[in-house]
Amino acid sequence: MISAGDFRNGITIEVDSNIFQIIEFQHVKPGKGAAFVRTKLKNIINGGVVEKTFRPTEKFPQARIDRKDMQYLYSDGDLFTFMDMETYDQVALNAETVGDTLKFVKENEICKVCSHNGNVFAVEPPLFVELEITDTEPGFKGDTATGASKPATVETGAVVYVPLFVNQGDKIKIDTRTGDYLSRA
């Protein structure tokens, strides 16, 4: 159990049978009345953000989130199959659970599968991936004064905006959190 007076950023707690991660917290001591803790909480199951206030003495159970490295094997329609690297158990997750987190992930790459009490709620791709460009328009010389970019399709089918000098067949490094081009690989 953790009291509201001990809240810190990043802690996960259970409130009203929902699991929340603390994004922001602030201890408030008004001149008149009792002190309270103002928080911004993110529901880790559906991603919604709510603001709540608590008395510093309120206690909540701390939620345990398991992050396990698993290899992404393949997709079969709406099912995405992952394999535990230690036990070789395979887990199939539906498209609703995975969302579009795998748009930059090739088959056989390692991802983190997040679960709470055995229920998988999210998949975290690697922070950076190197992918080959399968389709892009050729760049034009002299059109770089504004730091221009062009759309490029990578081997997973996702579209990334890249500088004009990047050509089809080049390997590029992508930040999966933002979907931005970082450099040529």
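Let us look at the structure shown here. (Residues numbered from 1 in each chain as written. Predicted model: local features only at pLDDT ≥ 70, side-chain atom pairs only at ≥ 80, totals over all residues. Heavy atoms only, no water.)

Some remarks on the sheet that holds strand β13 (residues 149-154)
Piece 1. Sheet architecture is open: five strands sit in the order β14-β13-β12-β15-β16, paired in antiparallel fashion. If you trace the sheet from one side to the other, it starts and ends with β14 (159-163) and β16 (180-184), each paired once. Each neighbouring strand pair of the sheet contributes to a mean axis angle of 55°, computed without reference to strand direction.
Piece 2. Examined bridge by bridge, β13 and β14 share five bridges and lie antiparallel to one another. The residue of β14 that forms the bridge with Thr153 is Val159. (Pairing = 2+ DSSP bridges. Helix = DSSP H or I, 4+ residues; strand = E, 2+ residues; numbered from the N terminus. Axes fitted to C-alpha atoms, helices over the stretch in contact; angles between N-to-C directions.)

Side note on the nonpolar core
Among soluble globular proteins, nonpolar side chains are generally buried collectively.
Piece 1. Ranked by internal contacts, the top residues of the largest apolar core, which has 13 residues, are Phe104, Val154, Val160, Val162, Ile172 and Ile174.
Piece 2. Of all elements in the fold, only β12 (128-136), β13, β14 and β15 (171-175) reach the threshold of two or more residues within this core.
Piece 3. Ranked by residue count, the leading element in this core is β12, at three residues.
Piece 4. Excluding residues that lie within four positions of it along the chain, Val162 makes contacts with Ile133, Ala148, Ser149, Lys150, Ala152, Ile172 and Tyr181.
Piece 5. Grouped together as the second largest cluster of nonpolar side chains are twelve residues, Ala4, Ile11, Phe20 and Phe54 included. (Core = buried A, V, L, I, M, F, W, Y, C linked by side-chain atoms within 4.5 Å. Buried < 20%, exposed > 50% of the residue type's maximum accessible area, 1.4 Å probe, protein only. Contact = heavy atoms within 4.5 Å.)

A look at the side chain of Thr39
Piece 1. By the secondary structure assignment, Thr39 is in strand β4 (residues 36-43).
Piece 2. For Thr39, a relative accessible area of 3% corresponds to the buried category.

With respect to the environment of Lys40
Piece 1. Tracing the sequence through the fold places Lys40 in strand β4.
Piece 2. On the basis of relative accessible area, Lys40 is assigned to the partly exposed category, the value being 26%.
Piece 3. C-alpha separation for the pair Lys40 and Ile2, spaced 38 residues apart in sequence, amounts to 17 Å.
Piece 4. Residues in contact with Lys40, not counting those within four places in the same chain, are Gln21, Ile22, Ile23, Glu24, Val49, Val50 and Glu51.

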